[in-house]
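Summary of structural features
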Amino acid sequence: MKHVRADSRHASSPAREAPTFFECPQCGFLTPDARFGADEIVCPTCGAHGDGRRTFPPERLRRLDARIRSYHDDEEHEIVVILVETFLESILEDIIDRILKARGADVTVREVVLDGQRAIGARIGRLFPHLTGEEFEEAAAELGYREFPQRWRKLRAARNAFIHDSPFRGTQESLSADDAATAMELLDQAYELFVLINNRFVASAEQTSPFCDRA
Ligand SMILES: [Zn+2]
């Protein structure tokens, strides 16, 4: 694996729209290669044919992404930060759900697990390492996104200080253009990071499944 510091390329301006990845119907591998979507090449992980219908991100995240970019064009910094945080929490939930599914958890189990860990900190700090055997920070660093977890944490803290009136920390009156720029970078980076996490922990789940080993 190449150890490229993907998150050290600070984008001068955000992408115009969400990228599209094509999903292998057999193993869940995700690739930006349109030839797989068009069934011109087979899945590099399992050799299955793509059906072109399964794409990532799902439509609801794509719509949220489009709204965020439009608020960013209008320089609505506060809305951008709040919506990007919502987006990141939603894409994390999506990936955790995909990991659970790949490991044989049925709909009920997935619902119970995700409902049992609603807080974002617990999902990152407890659920993710439990399911993958790695800390989120460690996995992100190995995949080239070392700064991503702590930048996400800082942005989350800024968002929380802005929307919650805390008697302990005081209030934050506004979210700045810099906060919004950080949010847009995290939005653009999140796709590739979560696709890499998917390909590592979903598309190769059969070797590491905690559900299958117990049989
Ligand atoms: Zn495959």
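Please refer to the structure placed before this passage.
Helix and strand content of the protein: eight helices and three strands. Expressed as a percentage of its 215 residues, the buried residues of the protein come to 44%. When contacts within the protein are restricted to residue pairs at least 6 apart in sequence, those whose partners lie at least 24 apart make up 68%. When the accessible surface of the protein is totalled, it reaches about 11400 Å², and 50% of it is carbon and sulfur.

Further remarks concern helix α3 (residues 77-102). Compared with the 38 Å implied by 1.5 Å per residue over 26 residues, the 37 Å span of α3 between its first and last C-alpha is a close match. Following α3 by one or two positions, Gly104 has its phi on the positive side, about 90 degrees.

For the rest of this paragraph, the subject is the pattern of salt bridges. Throughout the structure, instances matching the rule amount to 17 salt bridges. Arg159 is the partner of Glu89 in a salt bridge, and the nearest nitrogen-oxygen pair spans 3.5 Å. One end of the pair, Glu89, is in helix α3; the other, Arg159, is in helix α7 (residues 148-163), and 70 residues separate them in sequence. Here Asp115 and Arg118 are joined by a salt bridge, their closest N and O atoms 2.7 Å apart. Judged by relative accessible area, Arg118 falls into the exposed class, the value being 51%. Residues joined in a network through salt bridges with shared partners are Glu93, Asp115, Arg118 and Arg123.

On the secondary structure map, Thr31 appears in strand β2 (residues 30-31). At 3.0 Å, the side chain of Thr31 and the backbone nitrogen of Asp33 are in polar contact. Sequence-distant contacts of Thr31, defined by excluding residues within four places in its chain, comprise Phe21, Phe22 and Phe36.

Looking at where Ser90 falls in the secondary structure, it is placed in helix α3. Judged by relative accessible area, Ser90 falls into the buried class, the value being 18%. With near-sequence residues (within four places) excluded, Ser90 lies in contact with Arg60 and Leu61.

Right, let's get into the coordination of the zinc ion. Protein coordination at the zinc ion: the donors are Cys24 (SG), Cys27 (SG), Cys43 (SG) and Cys46 (SG), at 2.3 Å from the metal. Considering all four donor atoms around the zinc ion, the spread of angles at the metal, 103 to 115 degrees, places the coordination shape in the tetrahedral class. Counting gaps between the donor residues of the zinc ion yields the pattern C-x2-C-x15-C-x2-C. Linking Cys24 in the loop between β1 (21-23) and β2 with Cys43 in the loop between α1 (34-37) and β3 (55-56), this pair joins segments that are 19 residues apart in sequence. Like Cys43, Cys24 is buried.

So, how was this worked out
Residues numbered from 1 in each chain as written. Predicted model: local features only at pLDDT ≥ 70, side-chain atom pairs only at ≥ 80, totals over all residues. Heavy atoms only, no water. Helix = DSSP H or I, 4+ residues; strand = E, 2+ residues; numbered from the N terminus. Buried < 20%, exposed > 50% of the residue type's maximum accessible area, 1.4 Å probe, protein only. Contact = heavy atoms within 4.5 Å. Areas by Shrake-Rupley, 256 points an atom, 1.4 Å probe, with all protein chains shown as cover. Expected span 1.5 Å × (residues − 1). Salt bridge = Lys/Arg side-chain N within 4 Å of Asp/Glu carboxyl O. Polar contact = N/O pair within 3.5 Å; in protein donor to acceptor, adjacent residues only side chain to side chain. Donors = N, O, S within 2.8 Å, 3.2 Å for Na, K, Ca; no water. Tetrahedral: all angles 85-135°; square planar, octahedral: opposite > 155°, others 65-115°.

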